[in-house]
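# Remarks on the overall topology
Each chain is listed here by its residues.
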Amino acid sequence: MNTTHTTAAIKNANGFSPEDRAALLDTVQRFATQAIAPHVSVWDEAGEFPDSLRHQAAELGILGLGYPEHLGGTPAPWSVRNAMSRTLARYGGSGGVLASLFTHNIGLPPVLAHGTTDLQAEMIPPVLRGEDISALGITEPGAGSDVAALRTTARLDGDEYVIDGEKVYITSGMRCDWITLAVRTDPHSKGASGISMIVVPCHTPGISRRALDKMGWHCSDTAHLHFSGVRVPARYLLGEEGAGFRMVMSNFNGERMTMSAMALGLAEACYDEALNWARQRNTFGAPLIDRQVVRHRLMDMQMRIRSTEAWVDALGARADAGDAKSDWVAQVCLLKNHATQTMQFCADAAVQLLGGMGYMRGTVSERLYREVKVMMIGGGAEDILKELAAKQWDL
């Protein structure tokens, strides 16, 4: 790929005119088509993708999209970030690659919003350069969507916090260099008020990691982490003690927006493969596309894709306008449900249309069929998000 031209396109896109946006998305599409899509099946079998992919994404400026220039990034509105996520998903055809490649987009926002300038300067630039990996540690064996029930503790001892506990289902947990961790700093509080967030260097003594096997996202490592007497400088605390729960909830909003855009792109990837197959596959002397029932199945996919696209664009525009009030939060919750249901429908429809080929490893639809459930669970399971939306609307 011609990195000189594409890097310049991103660096000059601070205003994001239509031409800038088009140049950026062209960069992203070529990166996904050339550097990701041809290799995903091999990476899934290997259970990982090469570090060179992260370095290439960093060189193109993709890792830094949405971060301040002084930290090595390129400021970008939600509309552009969503478009990038959608494009990478559609043309890369792998949620696992994107989940691992962009784990920093759930690990770094709390640091950017609440970390000291010294901590930001220490942690964020190496991640955006592709040198370090940042992850997020919230879920525990006994606390998933119920964040207020987490039990991992951080006890202040002089100028250090001592951390004990465990985290599970941590994306990039086996390889991360930094993890933004939700901990309980008030042992007397059993609810949200005792939760704080702290950054932990992952090579600190006392941390052990165990890889977990999954239904999908095979090339994205997922880990069970144990913390035993892990000592971290007190300066790594984000904000004030007891303010962590709100940080986690705010971070979830951005994660759900990104997952919705990803799910939209992955649904489109299923549609693209199904349409291509319908045009090429002949049955009873005619292409599948000539069958009314096949065309109608494709249109059912398009109905869901187009409605998801409109909702993603609308909520992205509201976020860019500074509207992140309760109605927006409620709609983001329901959008995430709608987008992942769209992906589920399209993956199922594509596998059915491809027939026996759709059941074979190596097709996009088969891979995404296995990835659907993690998209529907991660960032907040469906029923949890329905209830959260209802509370935002005082129902």
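### Some points on the packing of helix H12 (residues 326–354) against helix H14 (residues 382–392)
Relative to each other, H12 and H14 sit at 155°, their axes nearing to 8 Å. If you check the angle between H12 and H14, you find them roughly antiparallel. The way H12 lies across H14 gives a crossing that is left-handed. On H14, the residues that touch Ser326, Val329, Ala330, Cys333, Leu334, Lys336, Asn337, Thr340 and Gln341 of H12 are Glu382, Leu385, Lys386, Leu388, Ala389 and Gln392. By residue class, the composition of the contact of H12 with H14 is seven nonpolar, five polar and three charged.

### Concerning H14
Side chains of residues three or four places apart in an α-helix project in the same direction, reflecting 3.6 residues per turn. Within H14, burial applies to Glu382, Leu385, Ala389 and Ala390. The arc that holds the buried residues of H14, viewed along the axis, is 140°, so those residues lie on one side. Looking at H14, the residues exposed on the side facing more than 90 degrees away from the buried face are Asp383 and Lys391. In the core, the buried residues of H14 are packed alongside helix H10 (244–280), H12 and helix H13 (364–377). Asp394 sits one or two positions beyond H14 and adopts a positive phi of about 60°.

### Quick notes on helix H4 (residues 51–60)
Burial in H4 covers these residues: Leu53, Arg54, Ala57, Ala58 and Leu60. When H4 is viewed along its axis, its buried side chains cluster within an angular range of 165° and face the same direction. Count one or two residues on from H4 and you reach Gly61, which has phi positive near 90°.

### Observations concerning the nonpolar core
With 68 residues, the main nonpolar core has Phe31, Leu53 and Leu88 as its most contacted residues. Of the residues forming this core, the biggest block, 14 residues, is contributed by H10. With 45 residues, the next largest nonpolar core counts Leu119, Val127, Trp178 and Tyr236 among its residues.

### Section: the confidence of the model for the protein
Residue-level pLDDT values for the protein average 94, and 96% of them are 70 or greater. Segment residues 1–14: pLDDT under 50, and 27 contacts once partners within four positions in sequence are set aside and those in other chains are kept.

Cut-offs applied
- Residues numbered from 1 in each chain as written.
- Predicted model: local features only at pLDDT ≥ 70, side-chain atom pairs only at ≥ 80, totals over all residues.
- Heavy atoms only, no water.
- Axes fitted to C-alpha atoms, helices over the stretch in contact; angles between N-to-C directions.
- Helix = DSSP H or I, 4+ residues; strand = E, 2+ residues; numbered from the N terminus.
- Parallel < 35°, antiparallel > 145°, perpendicular 65-115°, else oblique.
- Left-handed = near helix turned anticlockwise from the far one by under 90°.
- Contact = heavy atoms within 4.5 Å.
- Nonpolar A, V, L, I, M, F, W, Y, C, P; charged D, E, K, R; others polar.
- Buried < 20%, exposed > 50% of the residue type's maximum accessible area, 1.4 Å probe, protein only.
- Arc of directions from axis to C-beta.
- Core = buried A, V, L, I, M, F, W, Y, C linked by side-chain atoms within 4.5 Å.
- pLDDT = per-residue confidence, 0-100.

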